[in-house]
Amino acid sequence: MSIITSLTRMWLTRSVRPFTFRNEYDEHLPYAECENMGLYIHIPFCKSICNFCPYCKVKYTEPLCERYIKALLKEISLVGGQNSGKKQVTSLYFGGGTPALAAEHLSVIIGEIQKYFEITEGIGIELHPDNVTVPVLQKLKAAGVTKLSIGIQSFQEKYQTVLGRKQVDAMALKEALKEVPFETVSMDFMFALPGQTFGDLKADIDMAFENGANHIAIYPFIDFTFTETEVPVMPKKEKRRLLDAITQYCEEKGYTRGSIWTFAKEKEANYSSMTRENFLGFGCSATTLLKEQFKINTFSVEEYCKRMDEGKLPTALTIRFQKRQRMVYYLFWTAYSTKVEEKDFEEFFGVPLKKMYGFELWLAKLLGFVTEDNGVYTMTKKGAFYYHYYENFYTLSYIDKMWGILRKEAFPEKIEL
């Protein structure tokens, strides 16, 4: 896997240099001129830890949560206060962990954000199915949340058992969501579980749209080396047949494809915290992507709080991009939306897309991965599958390695990928 990603990296960056992350950071983040910027806030607390989940999380206790929220507010103030006037941003997303465990604090957190940022496209939050109750939803709505992403994984008991989750009460979800409506209700499902069939996923998708969702996300199962899951990986051919079948089904139903693995029943429904040209991340393990750098906060809740007590940014690692490195990152995450536009690339980098990657685009069209229409490159079903497939290599070669180290070291000296 590392050979494939290394060769791809060297080809696309035209350099043998690895992506090098160092234990350094800017005291003042250069985000003032960044356009199309989003915000992300990480809440790391969970009542119980799912064995398949790779994200930064700790067991919830009220005192630790209170301490963390105070530190989080300091980070928002420290970063937000660097800009004169309010900075316009597209969106704000809360992820975790289980952000609803901090529902009582959301109004204060959002209020602090709104001192420094003007949000134009809404506020989203990830929810565990257990949190989809009328009292919790009312608190979220009162705080200003407009979008929900509910981590169902599967409605089917056989897969809930495999993943160590309890059965989801679909009717209870439906009633709560009906009583407290939101602009977008997305339900997440895990794709490529052992023995999973088209019928299994179709049943989950149908049940989602019948029980309050207007948007779904079908994420591939990835076997991170540091998780304790024993779920076997689905073979490539089976995975492609399954993805093609479910994509065709969603298209036949008239659902709008918003990204590689999301479909909406209502065109205006959308939920994505990643497809932004730039973003600021707050909280432990949160990442920040700017024009010329990418940084990631420490994964340690304790060290995060200590740094904020000292009035210092909790950055663990930073990469200073070479131009082609930034281009590769831009194209990888822009392609997540299934489209790459020449005009957007040239506006961001000041150079034509075809000048930088004309051969690669020609080859992608020749292989049937993309089609082109007036400077807009759109993925085919084949291209979407191979994005899925390569994303698995990328995740295990880069993200798995980085997160594995950061889970053990709060502030490592250097990581090369």
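Everything below is about the structure shown above.
*Asks:* Would you explain helix α4 (residues 134–143) in this entry?
*Replies:* At 3.6 residues per turn, the α-helix brings residues three or four places apart onto the same side. Looking at α4, one finds that the buried residues are V134, V136, L137, L140 and A143. On its buried face, α4 sits against α3 (106–116), β8 (123–127), β9 (147–153) and α6 (170–179). A positive phi of about 115° marks G144, the residue just after α4.

*Asks:* What's the story with the sheet that holds strand β19 (residues 370–373) in this structure? I'm lost.
*Replies:* Pairing between sheet strands relies on hydrogen bonds along the backbone, with the strands arranged either parallel or antiparallel. One open sheet holds the 3 strands; their spatial order is β18-β20-β19, and the pairing between them is antiparallel. Edge strands, defined here as strands with exactly one partner in the open sheet, are β18 (339–341) and β19. The average undirected angle you get between the axes of adjacent strands in this sheet is 20°. Sitting on the sheet, helix α12 (residues 353–366) touches β18, β19 and β20 (376–379), and the angle it makes with β19 is about 125°.

*Asks:* Just to check I follow, could you spell out the pattern of salt bridges for this structure?
*Replies:* It is possible for side chains of opposite charge to pair when their charged atoms get near one another. Tallied over the entire structure, the rule returns 22 salt bridges. R320 is paired through a salt bridge with E24; the nearest N and O atoms lie 3.2 Å apart. With R320 in strand β17 (residues 315–320) and E24 in the loop between β1 (20–22) and β2 (37–43), this pair connects stretches of sequence that are 296 residues apart. Across the pair D309 and R67 runs a salt bridge whose closest N-O atoms are separated by 3.9 Å. A residue pair is termed long-range when its members are at least 10 positions apart, and D309 in helix α9 (residues 301–309) and R67 in helix α2 (residues 62–80) qualify at 242 residues. The exposure class of R67 is partly exposed, given its relative accessible area of 30%.

*Asks:* Can you walk me through α9 in this structure?
*Replies:* When we look at burial in α9, the residues that qualify are V301, Y304, C305, R307 and M308. Considered in projection along α9, the buried side chains sweep an arc of 160° and stay on one side of the axis.

*Asks:* What should I look at first to understand the packing of aromatic side chains in this one?
*Replies:* Geometry of an aromatic ring pair is reported as the spacing of the ring centres plus the angle between the planes. Going through the model one piece at a time under the given rule, you end up with 29 aromatic pairs. With 5.2 Å between their ring centres and 35° between their planes, Y68 and Y304 make a pair best called tilted. Of the two residues, Y68 is situated in helix α2 and Y304 in helix α9; the sequence distance between them amounts to 236 residues. For the pair shown, Y68 and Y304 are each scored as buried. With 5.4 Å between their ring centres and 40° between their planes, F369 and Y386 make a pair best called tilted. Here the residue F369 occupies a position in the loop between α12 and β19, and Y386 occupies one in helix α13 (residues 381–406), the gap between them amounting to 17 residues. On the accessibility criterion, F369 (23% relative accessible area) is partly exposed. The exposure class assigned to Y386 is partly exposed, which follows from its relative accessible area of 27%.

Cut-offs and rules
- Residues numbered from 1 in each chain as written.
- Predicted model: local features only at pLDDT ≥ 70, side-chain atom pairs only at ≥ 80, totals over all residues.
- Heavy atoms only, no water.
- Buried < 20%, exposed > 50% of the residue type's maximum accessible area, 1.4 Å probe, protein only.
- Helix = DSSP H or I, 4+ residues; strand = E, 2+ residues; numbered from the N terminus.
- Contact = heavy atoms within 4.5 Å.
- Pairing = 2+ DSSP bridges.
- Axes fitted to C-alpha atoms, helices over the stretch in contact; angles between N-to-C directions.
- Salt bridge = Lys/Arg side-chain N within 4 Å of Asp/Glu carboxyl O.
- Arc of directions from axis to C-beta.
- Phe/Tyr/Trp six-rings, centres within 6.5 Å; stacked < 30°, edge-to-face > 60°.

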